[in-house]
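Here are the chains, one letter per residue:
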Amino acid sequence: MVEVADRPRLIGVAGPSCSGKTTLARLLAQRLPGPTTIFSFDSYYRDFANLPTAAKARFNFDAPEALDSELLIRQLESLARGESIERPIYRFETHSRAAECEHLDPGRHIVVEGLFALHWERLRPLYSLSVFVRADDRLCLERRLTRDVAERGRTQKSVLSQYEEQVRPMSHRYVLPSQKYADLVVDGGAPIAESTAAVLSKLDRHAFDS
């Protein structure tokens, strides 16, 4: 069993889709002392391999129910205790999980990033620091268009339709309200180095206060 003092330090990073959460998480992983693990919610979407193509197109992947929250929370709690996990691998092109999993060891720090990183009550006590990345809606849409067309094989029309019908409404219903649980709010449109420095500074102050 890992002693409490040696357990990983978790940093939660939430925010709207394409606000800059992943970029911030990656830079934090480079800057934090010691080995750092990135825990992305993108690995925990439910397996919809057997769902017809038309149904997949209509399914709301921006609602909390699209994620396997029980598995996600259970595995993050294991990492927080200093235990390794077998993380699922998700294929966005087919909305399905791969047959194999990815072995993941906890680092000295774990950066938890996802739309709902501050949404579920069971997760919030795990964090040493909670961060919310706020970004203008137009910027988020621009980034989402670029990402989904280039990386996930989507058409521009389908991305725009999904954003209007699902992404924006779910963000207002579930994601933006979770900002109130953040210890720090950063601007996703600002230079990433500034946001990273703000998180590291806040993290250091939390360590000193504790």
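Now for a quick tour of the structure.

Calculation criteria
- Residues numbered from 1 in each chain as written.
- Predicted model: local features only at pLDDT ≥ 70, side-chain atom pairs only at ≥ 80, totals over all residues.
- Heavy atoms only, no water.
- Phe/Tyr/Trp six-rings, centres within 6.5 Å; stacked < 30°, edge-to-face > 60°.
- Helix = DSSP H or I, 4+ residues; strand = E, 2+ residues; numbered from the N terminus.
- Buried < 20%, exposed > 50% of the residue type's maximum accessible area, 1.4 Å probe, protein only.
- Pairing = 2+ DSSP bridges.
- Salt bridge = Lys/Arg side-chain N within 4 Å of Asp/Glu carboxyl O.
- Polar contact = N/O pair within 3.5 Å; in protein donor to acceptor, adjacent residues only side chain to side chain.
- Arc of directions from axis to C-beta.
- Contact = heavy atoms within 4.5 Å.
- Axes fitted to C-alpha atoms, helices over the stretch in contact; angles between N-to-C directions.
- Parallel < 35°, antiparallel > 145°, perpendicular 65-115°, else oblique.
- Left-handed = near helix turned anticlockwise from the far one by under 90°.
- Nonpolar A, V, L, I, M, F, W, Y, C, P; charged D, E, K, R; others polar.

Tallying each qualifying case throughout the model produces 12 aromatic pairs. Taken together, a centroid distance of 4.4 Å and an interplanar angle of 50° make the contact between Phe-48 and Phe-59 tilted. Taken together, the residues Phe-48 in the loop between β2 (36-40) and α2 (53-58) and Phe-59 in the loop between α2 and α3 (69-80) connect sequence positions 11 residues apart. Phe-59 gets classed as partly exposed once you look at its relative accessible area, which sits at 26%. Between the aromatic rings of Phe-116 and Tyr-174, the centroid separation amounts to 6.5 Å while the plane-to-plane angle is 85°, which identifies the pairing as edge-to-face.

Of all five residues making up strand β5 (residues 109-113), five are buried, and the element is well covered by its neighbours. Where strand β1 (residues 9-14) meets β5, five bridges bridge the pair, whose relative direction is parallel. Its bridge partner being in β5, Arg-9 is matched across the sheet by His-109. One ladder, built from five bridges, connects β2 with β5; its direction is parallel. The residue of β5 that forms the bridge with Ile-38 is Val-111.

So, about the pattern of salt bridges. Evaluated as defined, the whole model comprises 13 salt bridges. In this structure, Arg-144 engages Asp-62 in a salt bridge whose closest nitrogen and oxygen atoms are separated by 3.4 Å. Taken as a pair, Arg-144 in helix α4 (residues 137-151) and Asp-62 in the loop between α2 and α3 lie far apart in primary sequence, 82 residues in all. Like Asp-62, Arg-144 is buried. For the salt bridge of Arg-122 with Glu-77, the shortest nitrogen-to-oxygen distance reads 2.9 Å. Taken together, the positions of Arg-122 in the loop between β5 and β6 (127-134) and Glu-77 in helix α3 put the pair 45 residues apart, joining distant regions of the chain. Residues participating in the shared-partner salt-bridge network are Asp-62, Arg-144, Arg-147, Asp-148 and Arg-154.

Along the polypeptide, Ser-17 turns up in the loop between β1 and α1 (21-31). Along the primary structure Ser-17 and Tyr-163 are separated by 146 residues, whereas in three dimensions their C-alpha atoms are 9.6 Å apart. Polar contacts involving the side chain of Ser-17 include one to the side chain of Arg-144, which spans 2.7 Å.

Three or more residues of α1 are buried, namely Lys-21, Leu-24, Ala-25 and Leu-28. The arc enclosing the buried residues of α1, seen along the axis, measures out at 100°, which places them on a common side. With respect to the buried face of α1, the exposed residues turned more than 90 degrees away are Arg-26 and Gln-30.

Moving on: the side chain of Ser-195. The residue Ser-195 is located in helix α6 (residues 192-209) in this model. Beyond its immediate stretch of four places on either side in the chain, Ser-195 contacts Leu-24, Val-186 and Asp-187.

Turning our eyes to something else, we now look at the packing of α4 against helix α5 (residues 156-175). Two packed helices can be described by the angle between their axes and the distance between those axes. With their axes 10 Å apart at the nearest point, α4 and α5 run at an angle of 135° to one another. Considered as vectors, α4 and α5 are oriented oblique to each other. At the point where α4 passes α5, the crossing takes the right-handed sense. Mapping the contact onto sequence places Asp-137, Cys-140, Leu-141, Arg-144, Leu-145, Asp-148 and Val-149 in α4 and Gln-156, Val-159, Leu-160, Gln-162, Tyr-163, Val-167 and Arg-168 in α5. For the contact of α4 with α5, a count of residues per class yields eight nonpolar, two polar and four charged.

The topology assignment puts Arg-147 in helix α4. Polar contacts involving the side chain of Arg-147 include one to the side chain of Asp-148, which spans 2.8 Å. Excluding residues within four positions of it along the chain, Arg-147 makes contact with Ser-17, Cys-18 and Arg-152.

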